[in-house]
Amino acid sequence: MAKKQGKQTYLMQQCLTVRAWAAVGSKKEGQGPLASGFDLIEPDSTFGQDSWEKAESRMVSLTVAKALSNAALTYEDIDCIFAGDLLNQCVGTTFGLRDSGIPLFGLYGACSTMAEGMLLASLLVDSQTVRRAMAVTSSHFCTAERQYRFPLEYGSVRPPSAQWTATASGAVVLEEGNQPPYLRAAAVGTVEDLGVTDQNNMGAAMAPAAAATLRRFFADTNTSPEQFDLIATGDLGAIGSQLLVELLQRDGIDIKSRHTDCGLLIYDRQKQDVHSGGSGCGCSASVLGSYLLPSLRDGKIRNLLFMPTGALLSPTTVQQKESIPGIAHLVWLSHEKEGIL
Amino acid sequence: MVKKASPPSKIAATLPGAFLIGGLICLLGQTLIDGYAALGVEQKFCPVAASCTLVALAALLTGLNVFDNIAKYAGAGTLVPITGFANAVAAPALEFKTEGMVLGVGAKMFLIAGPVIVYGVAAGVLYGLIIWLFGLY
Amino acid sequence: MSAIFLSYLKAFVVGGLICLVGQLLIDFTKLTPARILVAFVVAGVFLSGLGLYQPLIDFAGAGATVPLTGFGATIARGVRDAVREYGFMGILLGPLTASAAGITAAMIAGLIVSLVFKSGDKS
């Protein structure tokens, strides 16, 4: 049973390992710097389907299948899956897992969902209630655009602060085991809102949530940024990342030298027209699967704080001129079974 | 703090594109007006015919997935001319095709263009009321 | 020949400048594209109502009729003509009568396009 430490942090008591993972992307992700780490790059972003929503669902089922084959497991071996996406009623997930037969916990944490899923899955595995749990999230540029912004063919202009929703998906399989990467602890986030209303500047809206969770985690565990090689936020983009560093600096926490953002890793901002960087549930999940987890396994990264951030808005709240609340969940992944604490 | 970290649009980059492409669309409109006049279309209908041609052209480019790529460089250059109105009708029609012909194409067509018609007509009615009340016509 | 060239130049410059105003609105305000379209049409109606737009059309031709301010001006002109002809009823008849061609063209073109093509991913 995981031990609750401080206000929001859970320390795993068993030796939890990420047994396998998978990352699936599309054309733009395939042109990015992490392309070689993806399990599958499907250049046709329709994934052979006749609607964008079906395309996203197809991507989810491909990712889960890929993660299972990487783990040398079948659907029956999975006790439950925590999954979510950005679409209304999470249809990307539910339709994607319709035929899998895996017991499903559907989640909505916007782009923070991957960490939320891993957090819940690890709690369940750590309590030995289930033997093996999965987490999967997805996002698709086209479904996100048509739900949150404009029709795809509409010639609107994206401001430089806007982010690019990744067409990508990532999945992990968690169980007790003796192979790195290990999942050591997790921290659940709080809803934070400093009043940013610009839908085209979500990184700025989510930075306070990331700062709050990180501050809390360091306080709860009595650790400091220097003890971790890398702190990877989900999709703050260039602007949100800068704000996060500044916010924490005010509290005397310096993460500048070890902070990176999945939204900045997945694309080449110089060559690809993605403005402030990538975003979406699938952005952090696929960066995790294509780059972070392999590096942890090989020991290139020894201790990682993986913290995707979510913007908890809907088109309705935006039209009602509400500000954009954010949330960030944190997962501590490590090459080592113990240490630091 | 948010403002400081957020870069404004690159002014130097957006303005020439808007001017150039917007100007070219109007120039094309002028050649169409002259062309229709040369074909013997009644003088007062030439601008209307030219505008409708641009509308059809913009809708076609929208269908060919080209319009949004031009708009990326043109900004207001494609938005402000009548081409922007045509794109505003055609893009949602195309996009929501997957939700059916009636509630998809038919209803969503006016997602962006609807307000333009509503407030254009409302302004027209207001103007009509004023000139009718004060006998300014 | 030079008269034609001059009329093209005027259409290009005036049309370009009107688009420039739109671009400045995009860059310096938080106006969404839909709001900018609305603003231009409404502005066209009122500029035309004040008698300020017709001179621009006379000067620049398509440079003034093709931008959406020209669409607004068409609505205003339609209302004026209709009120002249039908009195009060003209207020209701005018706006859509004048703009009918543009709206119908956009609707039909949109419909045909949606039947023939599919939306594609952005690059």
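Residues numbered from 1 in each chain as written. Chains lettered and ligands numbered in written order. Predicted model: local features only at pLDDT ≥ 70, side-chain atom pairs only at ≥ 80, totals over all residues. Heavy atoms only, no water.

Going by the annotation in an unreviewed UniProt entry, the name recorded for chain A is Stage V sporulation protein AD, with Yanshouia hominis given as the source organism.

## Description of the state of the cysteines
For clarity, the cut-off: A pair of sulfur atoms, both from cysteines and within 2.5 Å, is called a disulfide here.
Using the criterion set out here, one finds 0 disulfides over all chains in the structure. For the unlinked cysteine B:Cys52, the closest cysteine sulfur is that of B:Cys46, found at 12 Å.

## A few points about the pairing of strand β17 (residues 330-334) of chain A
All names here are of chain A. Rules: Burial status follows relative accessibility: with a 1.4 Å probe on protein chains alone, a residue under 20% of its type maximum counts as buried, one over 50% as exposed, and anything between as partly exposed. We count a stretch as a helix when DSSP gives it H or I for four or more residues in a row; a strand needs E for two or more, and each element gets its number in order from the N terminus. Note on pairing: DSSP must find at least two bridges between two strands before they are called paired.
Within β17, 5 of the 5 residues are buried, which leaves it mostly tucked inside the rest of the structure. Of the two faces of β17, the one holding Leu330, Trp332 and Ser334 and the one holding Val331 and Leu333 are both buried throughout. Alignment of strand β10 (residues 182-187) against β17, held across 5 bridges, turns out to be antiparallel. The residue of β17 that forms the bridge with Leu183 is Leu333. As paired strands, strand β14 (residues 303-307) and β17 are joined by 4 bridges and run antiparallel to one another.

## Observations regarding the nonpolar core
Rules: Definition used in this section: a nonpolar core is a set of buried Ala, Val, Leu, Ile, Met, Phe, Trp, Tyr and Cys residues joined via side-chain atoms within 4.5 Å. For this analysis, residues touch if any pair of their heavy atoms sits within 4.5 Å.
A:Tyr154, B:Ile82, B:Phe85, C:Leu37, C:Val66, C:Leu68 and C:Phe71 are the most contacted members of the largest nonpolar core, which has 60 residues in total. For this core, the element with the most residues is helix α8 (residues 110-133) of chain B, which contributes 8 residues. Residues in contact with C:Leu68, not counting those within four places in the same chain, are B:Leu79, B:Val80, B:Pro81, B:Ile82, B:Phe85, C:Leu37, C:Phe40 and C:Val41. Membership of the second largest hydrophobic core comes to 49 residues, among which are A:Met12, A:Leu107, A:Ala186 and A:Leu333.

## Notes on the interface of chain C and chain B
Going by this rule: By convention in these notes, a salt bridge is any Lys or Arg side-chain nitrogen within 4 Å of a carboxyl oxygen on Asp or Glu. Identification of polar contacts relies on pairs of N or O atoms within 3.5 Å, with a donor-acceptor requirement for protein atoms, meaning one able to donate a hydrogen and the other able to accept it, and with residues adjacent in sequence counted only if both atoms are side-chain atoms. Only Asp, Glu, Lys and Arg are considered charged, only Ala, Val, Leu, Ile, Met, Phe, Trp, Tyr, Cys and Pro nonpolar, and every remaining residue, Gly among them, polar.
Taken together, the contacts link 66 residues of chain C with 71 residues of chain B. Summed over the shared surface of chain C and chain B, the result is 0 salt bridges. Taken together, the links from chain C to chain B amount to 10 residue pairs in polar contact (both at pLDDT 80 or more). Contributions of two or more residues to the side of chain C that touches chain B are made by α1 (2-28), α2 (33-49), α4 (62-65), α5 (68-86) and α6 (89-116) of chain C. Among the elements that make up the side of chain C that touches chain B, the one with the highest residue count is α1(C) (17 residues). Counted by class, the side of chain C that touches chain B contains 45 nonpolar, 16 polar and 5 charged residues.

## Points about the packing of aromatic side chains
Two descriptors summarise a pair of aromatic rings, namely the distance from one centre to the other and the angle between the planes of the rings. The line we're drawing: Only Phe, Tyr and Trp rings take part, Trp by its six-membered ring, and two of them pair if their centres are within 6.5 Å. Stacked means planes under 30 degrees apart, edge-to-face means over 60, and tilted covers everything else. Lysine NZ or arginine CZ positioned within 6 Å of the ring centre and within 35 degrees of the ring normal marks a charge as sitting over the ring.
Taken as a whole and assessed by the stated rule, the structure comprises 11 aromatic pairs over all chains. When the centroid spacing of 6.2 Å and the interplanar angle of 45° are considered together, the rings of A:Phe218 and A:Phe228 count as tilted. Of this pair, A:Phe218 sits in helix α6 (residues 202-221) while A:Phe228 sits in the loop between α6 and β11 (230-233), and the two are 10 residues apart along the sequence. For the pair shown, A:Phe218 and A:Phe228 are each scored as buried. Arranged with centres 5.4 Å apart and planes meeting at 80°, the rings of A:Phe228 and A:Trp332 form a pair that is edge-to-face. Of this pair, A:Phe228 sits in the loop between α6 and β11 while A:Trp332 sits in strand β17, and the two are 104 residues apart along the sequence. You'll find A:Phe228 and A:Trp332 in the same group, each marked buried. In textbook terms, an aromatic cluster arises when at least three aromatic residues are bridged by ring pairs, as seen for A:Phe217, A:Phe218, A:Phe228 and A:Trp332. If you follow A:Lys28 out to its NZ or CZ, it ends over the ring of A:Trp164, 3.9 Å from the centre. In this structure, B:Lys108 packs its charged tip against the face of B:Phe96, placed 4.1 Å from the ring centre.

## Notes on the domain arrangement of chain A
Residues and elements named next belong to chain A. Quick note on the threshold: As annotated, the domain borders come from an automatic or database domain assignment. For any pair of parts, buried area is found by adding up, for both, the accessible area (1.4 Å probe) each one loses once the two are put together.
By the assigned domains, chain A splits into domain 1 (3-176) and domain 2 (188-333). Here the C-alpha centre of domain 2 lies 17 Å away from the C-alpha centre of domain 1. If you look at the interface, domain 1 gives 53 residues, while domain 2 gives 57 residues. Roughly 4,300 Å² of surface becomes buried between domain 1 and domain 2 when both sides are summed, with 63% attributable to carbon and sulfur atoms. Connecting domain 1 to domain 2 are 0 salt bridges. Run the count over domain 1 and domain 2 and you get 19 residue pairs in polar contact (both at pLDDT 80 or more). Going through the elements one at a time, β2 (9-11), β3 (16-26), α1 (27-30), α4 (113-126), β7 (132-139), α5 (141-148), β8 (164-165) and β9 (168-176) are the ones with two or more residues in the side of domain 1 that touches domain 2. At 6 residues, α4 tops the list of elements feeding residues into the side of domain 1 that touches domain 2. The residue makeup of the side of domain 1 that touches domain 2, split by class, is 26 nonpolar, 20 polar and 7 charged.

## Concerning the interface of chain A and chain C
On the side of chain C, 11 residues touch chain A, which itself brings 15 residues to the contact. Counting the surface chain A buries against chain C, the share from its top three residues, A:Leu152, A:Glu153 and A:Tyr154, is 29%. The tally of links between chain A and chain C comes to 0 salt bridges. Inspection of the region where chain A meets chain C yields 3 residue pairs in polar contact (both at pLDDT 80 or more). In terms of residue class, the side of chain A that touches chain C is made up of 7 nonpolar, 3 polar and 5 charged.

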